[in-house]
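# Structure at a glance
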Amino acid sequence: MFFTTESRLPLAPGRSPGLSAGTCSRPRSIPLPGFVALALAFASLLPVTLQAADAAPAPAVGVVSHVKVLSGNVEDVSSLEAWRRSFIDGTRDDETRGLMVWYSMVKLVFNGFPPLEYIHPDAMVVDPIKLMNVYGYTFCGPHAASTIALARQAGLEARGWAISGHIVPEILWDGGWHMLDSSLVNWFPREDGSPAGVEEIVREVTAWLDAHPGTAGNKERLMQIQRAGGATGWKQGPALLARTPFLNASGWYPARTHNWATTMLEYDGSTLTQGYEMSASLGYQVNNQLRPGERITFNWGNRGLDVNMHESRFRNDASLRMGEGIAAYTPAFGDLAPGRIGNGTLEWDLPLGEDLLPAVALRAEGLRYEKGEGGRRVVAASAGAPGLIELRVPSSYVYLTGRVDLDVMAGDGASVTVLFSRNQGLDWKEVGRFDESGSRRIDLSNEVLRLYDYRLRIVLQGEGAGLEGLRIHHDFQHSQRALPALAPGENTVRFTAGPAEGTLTLEGNLNAEERSRQVTWEEYHPRVEGFSQEKRWSLTGRAGSIQVPVETPGEMVRIRLSAAARLRGEGDILEPAVSWDGGESFVPLGQCRGPHVEFTCTFTSPPPPPETRKALVRIQARKANAVRLNILRIDADYVEPSGGFRPVRITYTWEEAGVLRHASHVARVPDERYTVTVGDDARMKSLSLELDGSDPR
């Protein structure tokens with residue numbers, strides 16, 4: 001989510017990533033002759049002065065988009081582009097790029113139980129940028145899938161292996177394959193220092209096991225060897241393993257969950273499948289948006305909530321402290337956070353004034369705006385026609401709980417009804433109906449769990465039906481690791497905002513039976529021909545197609561598409577295209593061709609015609625051997641109709657010597673730097689973002 005300068009752990013003795021430290025510096029101004037500068041400055045004032053008297057007031061800014069706070073201590077991984085800038089741009093060669101892919105995953109994604117969103121057919125999260133920002137942990141399969149996806153984004157070939165009880169990736173450079181395991185934090189150097197490939201490791205391990213009867217598959221015997229000679233017996237094992245810098249003196253890896261003996265079991269050749277690859281999903285990016293009355297708070301801590309909180313078998317220890325136990329190694333990789341699972345909050349006290357409510361709502365129709373004793377209120381403008389407020393509530397972080405609090409005006413035949421949509425307004429579900437005035441609460445926790453976006457529709461029916469208050473509250477999950485932490489001493493904090501864009505995302509499980517736990521693709525009303533629609537969509541004949549309608553709240557900027565598929569043969573092809581004219585014509589986006597056991601293809605459309613808000617995305621498939629779709633994600637970026645910039649208040653809270661301290665700053669331009677100084681014993685607590693001076697009522 002946020003950007004840093006440099007924090008380095010040597011990759012191996014005598015080896016380094018080869019990147020120079022990042023810097024943040026102001027652009028130099030170009031001096032002009034004094035009289036020229038003065039003339040230009042005076043001329044620039046004239047049209048502004050003339051327009052001020054005649055121009056209508058500018059429309060209210062309803063949303064500030066792409067809000068970032070960058071502390072200089074944590075890499076910016078808010079998108080694939082930001083990740084490339086932080087880790088890949090400026091690297092010298094393919095080897096460095098490959099090592100930096102591994103390094104970025106080790107730094108930002110801890111080894112633990114995988115978060116379960118039930119979008120992937122296997123339920124797990126497999127988007128590397130989402131893992132870095134929202135969770136900060138997962139286990140070997142998604143680690144490998146993410147490493148492979150990032151390597152390809154860095155311009156390198158990559159593939160996966162299933163070995164005994166483990167899954168690992170390989171990256172190709174200099175004509176050879178190199179295993180880089182970010183899950184267990186290891187790789188095994190050859191004599192020249194470059195990482196060995198899976199087949200090389202297996203050859204050395206199996207040769208050693210063959211030469212030592214009774215060791216193959218015998219964990220107890222291998223542990224005895226590891227502990228022999230004062231816990232240094234493992235150094236007499238295969239040379240590749242003996243050379244690795246990631247085993248400590250006792251033969252344990254940095255996380256202390258696996259060791260030399262488990263590696264000997266994993267690479268014993270009993271299970272060895274090249275071509276295994278978990279499908280990855282790409283397209284997620286952080287876009288923190290702020291609306292009048294909205295506050296987003298990130299916490300370096302949690303209240304015991306996480307996306308797996310109803311999955312008792314897959315709960316990570318929320319109290320785990322970085323630098324201790326299995327997380328002892330994380331500070332050496334630049335981790336300044338006290339923990340990993342973070343519980344943030346989104347609070348939105350909606351403005352009910354006629355200047356702001358239409359700016360923050362998708363629809364605000366049939367309303368009369370009044371000033372009551374407690375502040376602004378809205379009522380149905382006509383007894384014969386309902387008033388309507390429709391809101392979109394997007395988040396860059398996964399929702400865990402949710403509630404809506406309303407101060408209702410109803411009675412004598414007047415009512416207030418609240419409806420909920422989880423599929424971008426295509427279908428609606430009633431979640432509350434009130435026929436009497438008073439304060440009311442709707443618990444949305446079961447509706448929003450595992451979602452990043454939803455819509456509310458509030459219908460004011462009858463004379464006097466209205467609202468005197470409307471407040472939305474959510475707990476969400478974020479990784480503490482990706483937050484812009486402050487380090488002891490003076491910190492330069494950079495605030496940025498813009499462009500004024502939002503993103504409408506269509507993503508769901510392909511299995512309709514997962515409806516109770518996640519949005520499914522059938523809920524987006526696609527037109528599917530030639531595919532069997534089961535857990536994964538398989539092409540049944542020689543050809544088929546999927547068509548998905550997309551409609552955005554504002555003018556479309558681009559369509560981004562990610563499809564993870566099995567394309568078994570050379571003649572197996574996916575061909576995505578987009579239509580801006582309702583299907584009359586289509587613009588091809590490219591091809592995804594086999595042979596691949598699993599492969600993730602990404603596409604970006606050219607800009608659509610001006611004023612476009614509707615598109616039809618089509619994926620045509622042709623089969624020679626086998627075509628199976630595992631994951632599909634469509635992101636439609638658009639111009640926010642009421643987007644722009646307003647000053648943003650940034651508040652850091654930390655603790656020093658048991659005393660809470662705060663640093664609040666108002667950023668008045670979209671790119672601004674300031675400094676915050678903290679003590680040596682500072683413990684980070686929270687970071688909150690909100691528009692400054694906005695009247696929530």
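Before any of the text, the structure's been laid out above.
The structure reproduced in this document is the subject of the present report. This one's a predicted model, so the numbers in the text were calculated from it and none came from an experiment. (Residues numbered from 1 in each chain as written. Predicted model: local features only at pLDDT ≥ 70, side-chain atom pairs only at ≥ 80, totals over all residues. Heavy atoms only, no water.)

## Brief notes about the sheet that holds strand 35 (residues 671–678)
Sheet architecture is open: 3 strands sit in the order 1-20-35, paired in antiparallel fashion. In this open sheet, the two strands that pair with only one neighbour each are strand 1 (68–70) and strand 35. Each strand axis lies, on average, 25 degrees off the axis of its neighbour in the sheet, ignoring direction. Pairing of strand 1 with strand 20 (residues 489–496) involves 3 bridges; the strand directions are antiparallel. Within strand 20, the residue paired with K68 across the bridge is T496. (Pairing = 2+ DSSP bridges. Helix = DSSP H or I, 4+ residues; strand = E, 2+ residues; numbered from the N terminus. Axes fitted to C-alpha atoms, helices over the stretch in contact; angles between N-to-C directions.)

## Observations concerning the layout of surface pockets
Of the pockets and cavities examined, the largest pocket occupies roughly 700 Å³. For the largest pocket, the lining is made up of 31 residues, of which L362, R455, E551, T552 and P553 are closest to its centre. Residue assignment for the lining of the largest pocket shows that the elements contributing at least two residues are helix 10 (357–360), strand 13 (387–392), strand 18 (455–461), strand 21 (501–507), strand 25 (543–551) and strand 31 (614–622). The class makeup of the residues in the lining of the largest pocket is 16 nonpolar, 5 polar and 10 charged. (1 Å grid on protein atoms, 1.4 Å probe; cavity = no way out; pocket = protein on both sides within 12 Å on 5 of 7 lines; lining within 4 Å. Points joined across faces, edges and corners; volume = space filled by probe spheres on them. Nonpolar A, V, L, I, M, F, W, Y, C, P; charged D, E, K, R; others polar.)

## Quick look at the state of the cysteines
Counting across every chain of the model gives 1 disulfide. In this model C592 forms its disulfide with C601; the gap between the sulfur atoms is 1.6 Å. For C601, a relative accessible area of 7% translates into the label buried. (Disulfide = S-S within 2.5 Å. Buried < 20%, exposed > 50% of the residue type's maximum accessible area, 1.4 Å probe, protein only.)

## Concerning the packing of helix 3 (residues 94–108) against helix 5 (residues 140–153)
Remark: helix 3 packs on helix 5, axes separated minimally by 9 Å, with the N-to-C direction vectors making an angle of 140 degrees. In terms of orientation, helix 3 and helix 5 fall into the oblique class. When you trace helix 3 past helix 5, the crossing you get is right-handed. Touching V101, S104 and M105 of helix 3 are H143, S146, T147, L150 and A151, all from helix 5. Classifying every residue of the contact of helix 3 with helix 5 by side-chain character gives 4 nonpolar, 4 polar and no charged. (Parallel < 35°, antiparallel > 145°, perpendicular 65-115°, else oblique. Left-handed = near helix turned anticlockwise from the far one by under 90°. Contact = heavy atoms within 4.5 Å.)

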